[in-house]
Amino acid sequence: MSDRLAVWPQYVMPKRALTVLAGRMAGASLGKLTHWFINWFVARYQVDMSQAAVADTSTYASFNEFFTRPLREGARPLADAAFVSPVDGAISQCGPIDRDQIFQAKGHHFSSRALVGGDAPLAALFENGQFATLYLSPRDYHRIHMPCDGRLLRMIYVPGDLFSVNPTTARGVPGLFARNERVVCVFEGAQGPFVLTLVGATIVGSMQTVWHGLVNPPRPGVMQEWRYETQNIQLQQGQEMGRFLLGSTVVMLFPQGVMQFNPDWTPSRPILMGEAMGKRI
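Predicted model only: the values in this text are computed from it and were never measured.

S.K.: Got a minute to help me understand the overall build of the protein in this structure?
M.R.: Counting its regular elements, the protein contains seven helices and 18 strands. A globule of 281 residues ought to have a C-alpha radius of gyration of about 19 Å, and the protein, at 18 Å, matches this closely. Projected onto its principal axes, the C-alpha coordinates of the protein cover approximately 55 × 45 × 40 Å. Taking all 281 residues of the protein together, 54% fall into the buried category. A separation threshold of at least 6 residues defines the contact pool for the protein, and within that pool the share at least 24 residues apart is 76%. For the protein, the exposed area adds up to about 12400 Å²; of that, 55% sits on carbon and sulfur atoms. Computed over 25 positive and 21 negative side-chain charges, the separation of the two mean positions in the protein equals 6 Å.

Structural data, given as structure tokens:
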């Protein structure tokens with residue numbers, strides 16, 4: 001079956017209604033039912049609870065509390081590198097941005113301008129730069145950390161679709177990551193500006209950041225922007241910056257001439273938060 005045919009049901013299924021329902025259920029405290037579902041999920045997706053700060057699944061009051069569980073101290077040491085992986089997951093794609101075109105999968109690209117919500121001056125900062133698209137599977141740790149030190153400048157909520165973001169859908173849905181709902185976080189680092197984008201998906205109940213809290217819901221259906229230039233919100237490399245309540249994808253943008261990816265970083269390779277992602281040029 002072709003990838004486009006495989007994703008066809010997603011065009012007609014009620015993705016938003018399913019996502020709202022899943023978000024409500026995941027946030028509910030349902031006692032034994034919640035614990036049964038968490039244990040089923042751990043077995044189904046082979047979640048390594050030995051990495052969690054609290055390994056006992058019976059202590060989590062809701063599925064969301066389990067899903068966004070912190071790791072035990074020292075589980076993710078930071079590599080001695082200018083740029084480190086912000087998440088546990090797998091590399092979907094990474095490499096150079098061709099003018100403003102970002103490679104999604106065979107036959108598919110999307111523009112940096114579309115990704116950041118149509119802001120042409122912002123997108124122009126990353127022309128011929130570097131990008132990384134990182135996929136978080138259901139079994140992964142779902143907190144997002146800083147790849148390098150950064151001062152927060154802006155946050156942009158961009159409404160959109162709620163397609164799945166798994167590899168099959170990335171191959172089958174054109175412009176997927178600039179089409180789905182997303183939260184674009186713009187930082188200034190020692191190397192210049194960089195963007196860290198949280199991409200929503202089917203069943204992703206919400207996305208949140210450490211400085212704002214829950215960004216969605218609500219889903220107002222229009223773009224929203226928050227400006228932080230006059231505030232001194234500094235986040236250090238490895239510090240948590242946000243999290244997904246049910247999993248998704250992170251897309252990062254860096255300017256031209258700033259960073260070079262770790263040669264071990266290739267598509268489909270599993271990654272851990274804190275490992276060396278790249279070096280400063």
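Having put the structure on the table, let's press on.
S.K.: I'm lost on the environment of V250 in this one. Help?
M.R.: Tracing the chain through its elements places V250 in strand β15 (residues 249-254). Take V250: its relative accessible area is 0%, and that puts it in the buried class. A C-alpha to C-alpha distance of 21 Å links V250 and A190, two positions 60 residues apart in sequence. Setting aside residues up to four positions removed in sequence, V250 forms contacts with V87, A132, T133, L134, L136, I144, L196, T197 and F244.

S.K.: Help me out: how do you make sense of the pattern of salt bridges in this one?
M.R.: If the charged atoms of two oppositely charged side chains come close together, the side chains can form a pair. Summed over all chains, the structure comprises 10 salt bridges. In this structure, E240 engages R143 in a salt bridge whose closest nitrogen and oxygen atoms are separated by 3.1 Å. Remark: R143 occurs in strand β6 (residues 143-145) and E240 occurs in strand β14 (residues 240-245); sequence separation between them is 97 residues. Here the two residues E240 and R143 agree in accessibility, since each one is buried. R179 is paired through a salt bridge with D161; the nearest N and O atoms lie 3.2 Å apart. Of this pair, R179 sits in the loop between α7 (167-172) and β8 (182-189) while D161 sits in the loop between β7 (150-158) and α7; the two residues are 18 residues apart in sequence, bridging distant segments of the chain. Residue class for D161 comes out partly exposed when judged on its relative accessible area of 30%. Among the charged side chains, a network of salt bridges with common partners joins D119, R154, E225, R227 and E229.

S.K.: Where do I start with the nonpolar core in this structure?
M.R.: For soluble globular proteins, nonpolar side chains are generally found buried alongside one another. Of all hydrophobic cores here, the largest spans 36 residues; its most connected members are F187, L198, W211 and M241. Mapped onto this core, the elements with two or more residues apiece are β2 (89-96), β5 (130-135), β7, β8, β9 (192-199), β14, β15 and β16 (259-261). Those residues in contact with W211, other than ones at most four positions away along the chain, are L152, M155, C185, F187, Y228, I233, L235 and M241. In terms of nonpolar packing, the next biggest core, distinct from the first, is built from 27 residues, F126, F163, A201 and V251 among them.

S.K.: Explain the sheet that holds strand β10 (residues 206-209) here, please?
M.R.: Either a parallel or an antiparallel arrangement is found when strands of a sheet pair, and the pairing is made through backbone hydrogen bonds. With respect to topology, four strands assemble into an open sheet ordered β6-β14-β10-β11, the strand pairing being antiparallel. In this open sheet, the two strands that pair with only one neighbour each are β6 and β11 (213-216). Averaged over all pairs of adjacent strands, the angle between their axes in this sheet comes to 25°, without regard to strand direction. Summarising the sheet, β6 and β14 pair through three bridges and their orientation is antiparallel. Across the sheet, residue R143 finds its bridge partner in β14, namely R243.

S.K.: What exactly am I supposed to notice about a nonpolar patch on the surface here?
M.R.: Together, L30, L33, W36, F37 and W40 line one region of the surface with nonpolar side chains, adding up to about 520 Å² of accessible area. Structurally, W40 is set in helix α3 (residues 32-45).

Each value, and the rule that gives it
- Residues numbered from 1 in each chain as written.
- Predicted model: local features only at pLDDT ≥ 70, side-chain atom pairs only at ≥ 80, totals over all residues.
- Heavy atoms only, no water.
- Helix = DSSP H or I, 4+ residues; strand = E, 2+ residues; numbered from the N terminus.
- Rg over C-alpha atoms; globule rule 2.2 N^0.38 Å.
- Buried < 20%, exposed > 50% of the residue type's maximum accessible area, 1.4 Å probe, protein only.
- Contact = heavy atoms within 4.5 Å.
- Areas by Shrake-Rupley, 256 points an atom, 1.4 Å probe, with all protein chains shown as cover.
- Lys, Arg positive; Asp, Glu negative; His and termini not counted.
- Charge placed at Lys NZ, Arg CZ, Asp CG, Glu CD.
- Salt bridge = Lys/Arg side-chain N within 4 Å of Asp/Glu carboxyl O.
- Core = buried A, V, L, I, M, F, W, Y, C linked by side-chain atoms within 4.5 Å.
- Pairing = 2+ DSSP bridges.
- Axes fitted to C-alpha atoms, helices over the stretch in contact; angles between N-to-C directions.
- Patch = residues over 30% accessible without salt bridge, like charges linked within 9 Å, V, L, I, M, F, W, Y side chains within 5 Å.

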